[in-house]
Each structure stands twice: as structure tokens, then as C-alpha cells.
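What follows is each chain in one-letter form.
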Amino acid sequence: MTTDGSGVVSLVNAAARTLLPELVPGTDLATCAVPALASAVADDAAGFDDEHHCRRLRGVRHALAGGRSAWYIRDVTDEHVHVEALLAERRRTAFLADAGRRLGMALHRDQALRATAMLPVPQLADLALVVHLPTVPAEHRPHWVRYASTGPEPAFGVTDWRLTAAVPGLDEALDGQFTAPRPWSAAARSELHPVIPPDFGPDATLLVSPMPGAGRTAGALVLLRRGERGGFAPRDVDLVREYATRSGAALTMAELYDEQAHLARVLQNSLLPPKLPRLPGMAIAGGYRAAGDTLRIGGDFYDVLPTDGGALFALGDVSGKGVGAAVLTGRVRQSLQTLRLVEQQPLELLRLLDQALLDLPGAARRGQFTTLLLGSLHREPDGGLRVRVAGGGHPPPLVVGGDGTVASIPVDGMPVGALPDARFVDVALRLPPGAVLLAHTDGVTEARGGPDGTEMFGERRLRQALTAAAGLPPAALVDRVLGLIDDWCGEQRHDDVAMLAMASAEPR
């Protein structure tokens with residue numbers, strides 16, 4: 001199509017007449033019946049791109065001699081549809097990728113429910129309701145989480161089974177069945193407040209999708225769109241179902257994580273060092289720091305068991321981490337509780353424990369063992385303590401004298417429960433009044449920290465700390481060392497740390 005110098009149409013070819021039948025020779029483009037073209041001419045623009053008669057048109061102007069112009073106009077409807085479809089598919093893919101990432105970060109059930117309700121709003125719907133069926137029988141009532149584009153935070157609640165009957169398609173979804181989108185009038189929702197607020201118009205559209213879990217349906221996703229937004233197109237339905245499937249998997253994994261975390265806490269609590277007995281003439285204090293990972297169950301332990309006229313003490317570190325280490329720690333402590341009823345000499349008791357661990361079913365295959373210090377304490381008439389210590393591959397105990405000297409007790413030996421015919425060593429010593437015997441796990445010397453966060457605390461720093469703490473009672477000495485390790489590690493993760501300090505004390 002061409003125009004003269006005043007903007008009046010001078011020539012229209014057959015294709016232009018088909019696309020723009022309003023334009024004939026003599027038409028002034030500045031006032032023509034094609035708004036986008038008229039605006040382009042009025043603004044002296046180089047082109048336009050707009051819909052006309054339900055078609056997408058794109059026009060480009062080229063200047064000709066004598067002030068004339070030529071307009072090249074194309075029907076780009078199909079091209080525009082393809083581009084919009086591609087962009088929509090990219091948005092769907094980006095949504096699923098972001099949703100998968102955020103759902104994967106939800107480690108707990110409530111986090112997963114909250115994320116599942118919030119992520120679809122507003123991209124997929126104006127309101128999202130997640131109906132969840134907990135696995136715990138005592139909680140087996142529908143739990144719901146709702147989030148709407150008009151609310152700042154999700155709402156949580158527990159309801160009865162009337163909810164599933166009141167929401168069309170919810171019963172089917174909880175049974176794992178997919179349903180098609182359907183209208184849902186405000187009158188049908190009047191009984192569901194506050195689960196679903198009654199502020200949606202009568203032409204709202206409902207879509208319910210199951211959230212598949214592991215061997216069961218974890219819940220259902222209920223989405224509502226307001227009437228002015230339109231219903232759910234087939235591609236929207238596919239996207240919602242894919243999102244609901246991923247949400248169900250994330251919720252199932254979060255529930256499994258919660259169960260494992262609960263198990264870890266129960267095991268950890270059962271393995272926490274016991275409250276030490278108060279024994280006449282003895283001052284005994286323990287110190288413990290769990291590993292930096294809150295869900296990692298460590299294997300460091302200590303115990304003090306009263307005997308006739310004295311006490312037995314044990315401090316050890318089982319191999320491995322996690323549930324396997326927890327089980328072995330429990331077995332070692334239980335075995336010591338039982339074996340000390342028939343044997344109270346540290347060396348013989350250590351040998352009995354070694355055999356008991358080797359006799360456990362599958363012990364050789366598991367390759368689990370423990371390092372251990374096992375000793376006896378007896379009060380002497382002059383106020384000192386008579387000590388005998390047997391070692392099984394554990395760092396040697398230290399004696400902190402009242403004058404600040406620190407001496408290592410040469411207790412060697414092999415790990416307990418590792419090999420048949422293992423060799424163990426015991427040492428007898430006298431602990432004078434004012435001296436402290438300190439047993440510790442390797443988590444003390446191997447704690448990493450310092451300026452760069454990688455340097456070990458080390459034997460030298462431990463001895464310096466003990467020298468500086470000379471003369472302190474066992475409880476204060478343990479607190480001093482633990483504080484230094486905390487300062488040394490800072491925010492760094494560390495292995496488990498366990499200490500047991502023993503000294504003589506005047507009877508109360």
C-alpha cells in the first residue's frame with residue numbers, strides 16, 4: 001500500500017485489500033478505521049503491531065521519493081501464536097524448575113505444605129488449598145493449608161470429613177483420581193468458610209488434582225480461578241497435574257525426613273551422657289559436645305558405674321556415625337552395665353567386652369569397633385585415689401598435677417571388638433590430692449578451627465589449657481576446656497567431643 005505526500009492512500013494491492021478492506025485509494029491514513037495504523041501515521045512512527053479483525057498485523061513504513069510512503073503489512077497471527085505458545089511453555093518449564101527447587105528445599109512436612117500452597121499463586125490460580133492426610137493414625141483427619149493472592153501468609157487448619165464431601169472432586173482426588181475443571185458457585189462454598197473464603201464470584205473455576213505419594217495419595221491440591229481470569233486450558237491442567245505430582249513426592253520425602261529426624265532425636269537422647277553418680281571422696285565431672293550436624297548421631301560416650309568401695313569409669317568412641325554408631329554405642333554401654341556385675345578388674349572387663357562384641361551376629365561383616373578407656377577408682381586413706389586404667393586403642397589419659405604439670409599415662413592396646421586375640425594393656429597409678437585425671441576422645445585434639453578454620457586444636461593447646469587450669473576442680477576444668485574448644489571452632493562443624501575428669505575430694 002502506498003500513500004502520497006499528504007498521507008492519502010494511492011495504491012492498495014490485492015493482499016492489502018484482503019487484510020485491510022477499510023483502506024481504499026483516497027483514504028487518509030491519519031483518520032482511517034485501523035486504529036493502530038492511524039496512530040502510527042499520527043506519531044510519524046516507522047510501523048505498528050496490533051490486532052485487527054481477530055488477526056495479528058504487523059506493518060512497516062518505507063519512505064519513497066517525493067514524500068510518498070510505502071507500507072508493507074504482514075499477517076503474523078500464526079507466528080504470534082507460535083511465539084506465545086513457546087513463551088508460555090518456557091514459563092511453564094521455568095515454573096516447574098523453580099517449584100522443584102523450592103519443594104526440594106522443604107525438609108519438613110509443614111514446610112512442604114506451605115510451599116505447595118504458595119507456589120501456584122498467582123501463576124496457576126488465585127487460591128490454592130492443600131488437603132493433606134497425615135500418616136500418623138492419631139492425626140488422621142484432613143489437615144489443610146490455604147493461600148490466596150489477597151493474603152500475606154498461608155492459613156493452616158484441621159477439619160472433619162465434611163470438607164471432602166463439600167468440595168467437588170476432592171473425594172476422588174484423595175483416592176488418586178484426576179477430575180476435569182468445573183465451575184464452583186459461591187453458594188456451593190458458603191459452608192466452607194474459613195477453609196475457603198466466600199469472596200470469589202459465582203463464576204469461579206475449580207480444579208482438583210491428587211498429590212501422589214509413596215504407595216498412597218499424600219493429599220490433594222485444590223485450585224480456584226476467579227471468573228475474570230477464565231478457566232483452566234488443557235495445558236494448564238497438564239501443568240497443574242505435573243506440579244501436584246512433584247508436590248506429592250516432596251511431601252512424602254518431607255514426612256520421611258521428619259520420621260528420620262524424630263528417630264535421630266530419640267536415639268541421640270538415649271545416648272546422651274548420663275547424670276554422674278555422687279561418690280564419697282571422689283569428684284567426677286563429664287563434658288560432651290555433639291557434632292556440628294544436628295542430625296548426625298555420634299559415637300562418643302562416657303559412663304561411671306559405682307562398685308563396692310569405688311567406681312568403674314569408661315570413656316570411648318565407636319567407629320562410624322549415624323544409626324549404626326548409635327546402636328553400637330548402646331550395646332557397649334549395656335554390655336558394660338551387665339559385665340561389671342561379674343568382673344570389676346578393668347583389664348579383664350575389657351577382654352570380656354571385646355569378646356562380647358566379636359560374638360555379635362555379623363560383627364566381622366560390619367567392621368564396627370570402639371576405642372575405649374576403662375578404669376577403676378578407689379579412695380585411699382590419705383585422700384588420694386588408687387587408679388587402674390586399661391586401654392583399647394584410645395588416646396591416653398592425662399594427669400594434671402596441682403603444680404600445672406601434665407603427664408600422659410602410657411596405656412596402649414588395640415581397638416575393642418575389631419580383631420580376635422586383641423592385645424590390651426592396663427596401668428596402675430596413684431592420683432594424689434589436688435591432681436586431676438582427664439580422659440578425652442580424639443574430638444578434643446582434632447577439633448578444627450583457628451584463623452582459617454582448618455587447623456586442629458591439637459595436643460599442645462590441650463596441655464597448655466590444662467596447665468592454665470591446674471588446681472581447678474574437675475567440673476571447672478572440663479568447662480574451661482570445652483569453652484576453649486567452642487571458641488576455637490567458632491561456627492565450624494566438629495566431631496563429637498567427650499571428656500571425663502576425676503579427682504579426690506573430701507567426703508560431704
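Residues numbered from 1 in each chain as written. Predicted model: local features only at pLDDT ≥ 70, side-chain atom pairs only at ≥ 80, totals over all residues. Heavy atoms only, no water.

S.K.: I keep staring at the overall build of the protein and nothing clicks. Help me out?
M.R.: On a plain count of helices and strands, the protein comes out with 13 helices and 23 strands. With respect to the three principal axes, the spread of C-alpha positions in the protein is 125 × 60 × 45 Å. In the protein, once contacts between residues fewer than 6 apart in sequence are set aside, the share between residues at least 24 apart is 61%. Element-wise, carbon and sulfur atoms account for 55% of the exposed surface of the protein, whose accessible area totals about 24,200 Å². Of the charged side chains in the protein, 50 are positive and 59 negative, and the gap between their average positions amounts to 1 Å. (Helix = DSSP H or I, 4+ residues; strand = E, 2+ residues; numbered from the N terminus. Contact = heavy atoms within 4.5 Å. Areas by Shrake-Rupley, 256 points an atom, 1.4 Å probe, with all protein chains shown as cover. Lys, Arg positive; Asp, Glu negative; His and termini not counted. Charge placed at Lys NZ, Arg CZ, Asp CG, Glu CD.)

S.K.: I keep staring at the domain arrangement of the protein and nothing clicks. Help me out?
M.R.: Size of an interface, as often reported, equals the accessible area lost when the parts are brought together. As far as domains go, the protein holds domain 1 (2-76), domain 2 (106-265) and domain 3 (272-504). Domain 2 and domain 3 are separated by 53 Å when their C-alpha centres are compared. (Domains from an automatic or database assignment.)

S.K.: What is the right way to read the pattern of salt bridges from this model?
M.R.: Pairing is possible between side chains of opposite charge, provided their charged atoms come close. All chains considered together, the criterion is met by 24 salt bridges. For E242, the salt bridge is made with R246, and the minimal N-O distance between the two is 2.9 Å. Taken together, the residues E242 and R246, both in helix α7 (residues 234-271) and 4 residues apart, mark about one turn of the helix. On the basis of relative accessible area, R246 is assigned to the partly exposed category, the value being 34%. With a closest N to O distance of 2.9 Å, R461 and E455 form a salt bridge. With relative accessibility at 34%, the residue E455 sits in the partly exposed group. One salt-bridge network, in which partners are shared between bridges, spans D49, R56, R58, R74 and E79. (Salt bridge = Lys/Arg side-chain N within 4 Å of Asp/Glu carboxyl O. Buried < 20%, exposed > 50% of the residue type's maximum accessible area, 1.4 Å probe, protein only.)

S.K.: Got a minute to help me understand the packing of aromatic side chains in this structure?
M.R.: To describe a pair of aromatic rings, one takes the distance between the centres and the angle between the planes. Per the counting criterion, the structure on display carries 3 aromatic pairs. With a centroid separation of 6.1 Å and 45 degrees between ring planes, the pair formed by F48 and W71 is classed as tilted. Of this pair, F48 sits in strand β3 (residues 47-52) while W71 sits in strand β5 (residues 69-75), and the two are 23 residues apart along the sequence. Accessibility classification places F48 together with W71 in one group, the buried group. (Phe/Tyr/Trp six-rings, centres within 6.5 Å; stacked < 30°, edge-to-face > 60°.)

S.K.: Would you mind showing me how to read helix α9 (residues 346-358) here?
M.R.: Working note: α-helix, 3.6 residues per turn, so residues spaced by three or four point in the same direction. The terminal C-alpha atoms of α9, which comprises 13 residues, lie 18 Å apart, in line with the 18 Å expected from a rise of 1.5 Å per residue. For α9, the set of buried residues is P346, L347, L349, L350, L353, D354 and L357. In an axial view of α9, the angular spread of the buried residues amounts to 160 degrees, which keeps them on one side of the axis. (Expected span 1.5 Å × (residues − 1). Arc of directions from axis to C-beta.)

S.K.: Can you walk me through the nonpolar core in this structure?
M.R.: Nonpolar side chains in soluble globular proteins generally cluster together in the buried interior. Ranked by internal contacts, the top residues of the largest apolar core, which has 31 residues, are L221, L223 and Y243. At the level of elements, α3 (77-104), α4 (109-118), β6 (127-132), β7 (143-148), β10 (205-212), β11 (217-225) and α7 are the ones that each hand at least two residues to this core. Look past the residues within four positions of L223 in its chain and what remains in contact with it is P120, L124, A125, L127, A128, T205, L206, L207, F232 and V240. M282, V304, A311 and A439 belong to the second largest nonpolar core, which has 27 residues in total. (Core = buried A, V, L, I, M, F, W, Y, C linked by side-chain atoms within 4.5 Å.)

S.K.: Mind showing me how you'd approach a nonpolar patch on the surface here?
M.R.: Where nonpolar side chains cluster on the molecular surface, the patch consists of L341, V342 and L352 and spans about 320 Å² of accessible area. For L352, the position within the fold is in helix α9. A relative accessible area of 37% places L352 in the partly exposed class. (Patch = residues over 30% accessible without salt bridge, like charges linked within 9 Å, V, L, I, M, F, W, Y side chains within 5 Å.)

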